[in-house]
Amino acid sequence: MDFQSPGLPGHPGNENGTPGATPREWLGPVEAMVEPLHLDDDEDTAAARLDMARYLTEWAGELRRRYEQSLIAWMQHHKRELVIGDVRFYPGVRAVWKCPDAAAAMRAVLDACGGDLDATAGYLKSDPFKHGSCRGLLDVEDFRRVFVISNLDELREGQPVRLQRDDMRFSRRPSQARNGGGHELP
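Since the model is a prediction, treat every value here as computed from it, not as a measurement. Sequence order as written defines the numbering, with residues in each chain counted from 1. Owing to the predicted nature of the model, reporting of local features is limited to residues with pLDDT of at least 70; listing and counting of side-chain atom pairs is limited to 80 or more, with chain, interface and lining totals taken over all residues. Each side-chain value is derived from all of the structure's non-hydrogen atoms; neither hydrogens nor water enter the calculation.

Observations regarding the overall build of the chain
Move 1: A count of helices and strands for the chain gives seven helices and two strands.
Move 2: Listed by position from the N terminus, the elements making up the chain come as α-α-β-β-α-α-α-α-α.
Move 3: The long-range fraction of contacts in the chain, counting pairs at least 24 apart against all pairs at least 6 apart in sequence, stands at 19%.
Move 4: Summed over all atoms, the accessible surface of the chain reaches about 16800 Å², with 56% contributed by carbon and sulfur. Starting at the N terminus, helices and strands are each numbered in turn, a helix being any DSSP run of H or I of at least four residues and a strand any DSSP run of E of at least two. Whether two residues are in contact is decided by their heavy atoms: any pair within 4.5 Å suffices. Per-residue and other accessible areas were derived by the Shrake-Rupley procedure at a 1.4 Å probe size, with only the shown protein chains allowed to occlude residues.

As for the side chain of Arg49
Move 1: Within the secondary structure layout, Arg49 lies in helix H2 (residues 43-78).
Move 2: Arg49 gets classed as buried once you look at its relative accessible area, which sits at 17%.
Move 3: We call two N or O atoms a polar contact when they sit within 3.5 Å, provided that within protein one can donate a hydrogen and the other can accept it, with sequence-adjacent residues counted only if both atoms are side-chain atoms. Within polar-contact distance, the side chain of Arg49 engages the backbone oxygen of Glu35 at 3.5 Å.
Move 4: Excluding anything up to four places from it in sequence, Arg49 contacts Met33, Val34, Glu35, Pro36, Leu37 and Asp41. The buried label goes to any residue with under 20% of its type's maximum accessible area, the exposed label to any with over 50%, and the partly exposed label to all in between, with areas taken from a 1.4 Å probe on protein chains only.

What about the side chain of Thr120?
Move 1: With respect to the secondary-structure elements, Thr120 resides in helix H4 (residues 117-121).
Move 2: One polar contact links the side chain of Thr120 to the main-chain carbonyl oxygen of Asp116, over a distance of 2.9 Å.
Move 3: Each residue touching Thr120, except ones within four places of it in the same chain, is listed here: Met106, Val109, Leu110 and Cys113.

Quick notes on the pattern of salt bridges
Two side chains carrying opposite charge are able to pair once their charged atoms lie near each other.
Move 1: Here, a salt bridge means any side-chain nitrogen of Lys or Arg that lies within 4 Å of a carboxyl oxygen of Asp or Glu. Using the criterion set out here, one finds six salt bridges in the structure.
Move 2: Through salt bridges with shared partners, one network takes in Glu35, Asp41 and Arg49.

Looking at the packing of aromatic side chains
Move 1: Pairing of aromatic rings covers Phe, Tyr and Trp, the last counted by its six-membered ring, and requires centre-to-centre distances within 6.5 Å; plane angles under 30 degrees mean stacked, over 60 mean edge-to-face, and any other angle means tilted. Going through the model one piece at a time under the given rule, you end up with one aromatic pair.
Move 2: An angle of 25° between the planes, with centres 4.8 Å apart, marks the rings of Phe143 and Phe147 as stacked. Of the two residues examined, Phe143 and Phe147, each falls in the buried class.
Move 3: In this scheme, Lys NZ or Arg CZ marks a charge over a ring once it lies within 6 Å of the ring centre and within 35 degrees of the ring normal. In this structure, Arg88 packs its charged tip against the face of Tyr90, placed 4.2 Å from the ring centre.

Description of unusual backbone geometry
Move 1: Although it is not a glycine, Lys79 adopts a positive phi angle of roughly 50°.
Move 2: Structurally, the position occupied by Lys79 is in the loop between H2 and strand E1 (82-84).

Observations concerning a nonpolar patch on the surface
Move 1: In this analysis, a patch consists of residues with relative accessible area above 30% that form no salt bridge, clustered at 9 Å for like charges and at 5 Å for the nonpolar side chains Val, Leu, Ile, Met, Phe, Trp and Tyr. A contiguous nonpolar patch, built from Tyr55, Trp59 and Leu63 and spanning about 320 Å² of accessible area, is present on the exposed surface.
Move 2: For Tyr55, the position within the fold is in helix H2.

Things to note about the confidence of the model for the chain
Move 1: Per residue, pLDDT captures the predictor's confidence, and it can take any value from 0 to 100. When the pLDDT values of the chain are averaged, the result is 78; 72% of them are 70 or greater.
Move 2: Taken as a whole, residues 1-9 scores under 50 in pLDDT and shows 13 contacts with residues more than four places along the chain or in a different chain.
Move 3: Below pLDDT 50 for its whole length, residues 175-186 participates in 24 contacts with residues either more than four positions away or in separate chains.

Have a look at this one:
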């Protein structure tokens with residue numbers, strides 16, 4: 001993003017203090033702190049850059065949230081929108097729909113579809129069933145037939161995956177008792 005600054009009060013400006021510096025010019029030193037790693041960089045460099053990238057991401061998000069809230073208050077106070085070029089900014093409301101009674105909704109949709117289960121399934125969102133709960137409810141064969149798993153690479157934090165031990169004599173999971181004591185992973 002190399003746009004010209006508008007020269008607002010408090011804007012960093014360029015080296016002689018006059019407006020017109022680009023964000024890349026005054027954010028360059030910060031960007032250098034999170035430049036991509038080289039394969040020969042050490043672990044401390046990797047950790048420091050990851051910490052800095054996370055901090056900057058959180059900080060930028062907080063700055064944006066605070067600014068957007070102040071902009072909404074400004075618009076409401078002045079009873080006007082903000083137009084920059086062809087883009088119009090205005091206070092809005094985001095609607096969040098919830099379905100607090102899934103069973104009642106399922107019955108209503110099934111009834112509206114005339115009892116056709118296949119038609120009813122077309123009204124469900126892409127992943128309506130809790131795989132963990134269904135694993136305990138369904139036998140292994142049915143579970144494998146209706147659920148698939150996709151592995152995606154991601155960076156995780158915390159402890160690495162380790163071997164888990166579950167002594168079924170003391171387990172309270174009903175699926176293990178129903179499946180003959182063992183619980184096969186899909």
